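Inside the fold
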Amino acid sequence: MSFDKFKPKYKIHEETENYFKLRAEAGAKPYDQLTVEEAREGNVANAKRFAGTTEFEGTVKEFTVPTKHCSDGIPITVYRSKHCDLCVAPSVFVYFHGGGNVVGCRQTVDTICRIFSRDAPCVVVNVEYRLAPEHRWPANHEDATCVVRWVKMNKSLLGAVNRSTVGVGGDGEGSRMAALVCHEVPDLGYQVLVYPSVDLRRNYKSAEEFAEMPGLTKKMVDWFMDHYIDRSDLDNARASPLLHTNFNTLPPALIIIAELDALRDEGIAYHEKLKEAGVKSQIFTVKGVTHGFFHLPGHFKECCLRAHEKVSKFIKVHS
């Protein structure tokens, strides 16, 4: 699989080409050719290799959010940069990792959570929601909603104050959970949706155009969906937030798009629907990158820097 068929129309960023070259040299396989366990192990290994590390001074604490849905509760990691001490009311940013509802974990987004806590600055809550196929839809959505409601009631415990805003965000399927939470939990301050998955029906030009694009192929999308949800539920608004009818009460949004992503057009459609409802929404397209770059700043240095700066500034404005 290569970028040759896309180069007549698009300029592929050198960080993107080098990334997939390194993965190919390491013998990495697409998820649809692996077992679930192999895919999860590969996802963590990929983050260890490409996410990098970052300077962070502050506290990192573990909590467990109680929930009626599982006896062990929902583990979260809370990052509070020392720079939060300079804020009267640091915002609390609840982040949901990506991974197609099947792979991914808090560890894979540890670096970017530290970056946002330091640079916004804000308190970041990194959520370990349940994954499919062990826990199919709507299990992870239930976890996301539960955590955000708990955070709103426990701001001081996390290092914020009662008047602190609470925002939500995520990448890929994590951004879908963030978007869904905004439809169900009132009075959130903002939402950050990174290459959002907001319509599981996938009836978009970009889904067809990039069906064989390295990073997220149609075969991979189908593999994720088969593990996660019944096809008959794809048009349920609690699975596909774009299908909600009321957008008027949603918080301001920042939507970050990867130019070479099958999910590109549904993210744009969500932005347009927010604007039509009178919700403040801004969109930022990162040129020459595919799905999956955002949590890997150790490799995508230039591309991530621009996107991460947008996120930190957006959080700061809505703190």
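Everything numeric here is computed off the predicted structure, so don't read it as measured data.

1. Here we look at the nonpolar core
The biggest cluster of nonpolar side chains holds 44 residues, and the ones touching the most others in it are Phe-93, Phe-293 and Phe-294. For this core, the secondary-structure elements that each account for two or more residues are helix H1 (14–25), strand S3 (91–96), helix H3 (110–119), strand S4 (122–127), strand S6 (190–194), strand S7 (253–260), strand S8 (281–290) and helix H9 (301–317). Broken down by element, the residue count for this core peaks at 6 residues, all from H9. When residues no more than four places from it in sequence are discounted, the contact partners of Phe-293 are Tyr-195, Ala-258, Val-286, Phe-300, Cys-303, Cys-304 and Ala-307.

2. Considering the packing of helix H4 (residues 139–153) against helix H5 (residues 173–184)
Where H4 meets H5, the closest approach of the two axes is 9 Å, and the angle between their N-to-C directions is 60°. As far as their axial angle goes, H5 and H4 are oblique. Helix-helix and strand crossings are classified by hand; for H4 and H5 the assignment is right-handed. Contact residues: H4 offers Asn-140, His-141, Ala-144, Thr-145, Val-148 and Arg-149, while H5 offers Arg-176, Met-177, Leu-180, Val-181 and Glu-184.

3. Quick word on the sheet that holds strand S1 (residues 58–65)
Ordered in space as S1-S2-S4-S3-S5-S6-S7-S8, the 8 strands form an open sheet in which the pairing is mixed. In this open sheet, the two edge strands, each paired with only one partner strand, are S1 and S8. Sheet twist, expressed as the mean angle between neighbouring strand axes with direction ignored, is 20°. Judged from the 8 bridges that link them, S1 and strand S2 (residues 74–81) form a sheet pairing that is antiparallel. Looking at S2, one finds that Val-65 is bridged to Ile-74.

4. Structural notes on the side chain of Ser-175
Assignment of secondary structure puts Ser-175 in helix H5. Overall, Ser-175 belongs to the buried group, its relative accessible area being 0%. Among the polar contacts listed, one links the side chain of Ser-175 to the backbone oxygen of Gly-172, at a separation of 2.5 Å. Beyond its immediate stretch of four places on either side in the chain, Ser-175 contacts Gly-170, Leu-193, Val-194, Tyr-195, Pro-196 and Ser-197.

Conventions adopted
Residues numbered from 1 in each chain as written. Predicted model: local features only at pLDDT ≥ 70, side-chain atom pairs only at ≥ 80, totals over all residues. Heavy atoms only, no water. Core = buried A, V, L, I, M, F, W, Y, C linked by side-chain atoms within 4.5 Å. Buried < 20%, exposed > 50% of the residue type's maximum accessible area, 1.4 Å probe, protein only. Helix = DSSP H or I, 4+ residues; strand = E, 2+ residues; numbered from the N terminus. Contact = heavy atoms within 4.5 Å. Axes fitted to C-alpha atoms, helices over the stretch in contact; angles between N-to-C directions. Parallel < 35°, antiparallel > 145°, perpendicular 65-115°, else oblique. Left-handed = near helix turned anticlockwise from the far one by under 90°. Pairing = 2+ DSSP bridges. Polar contact = N/O pair within 3.5 Å; in protein donor to acceptor, adjacent residues only side chain to side chain.

It is worth stressing that arrangement in space is one thing and function is another; only the former is reported here.
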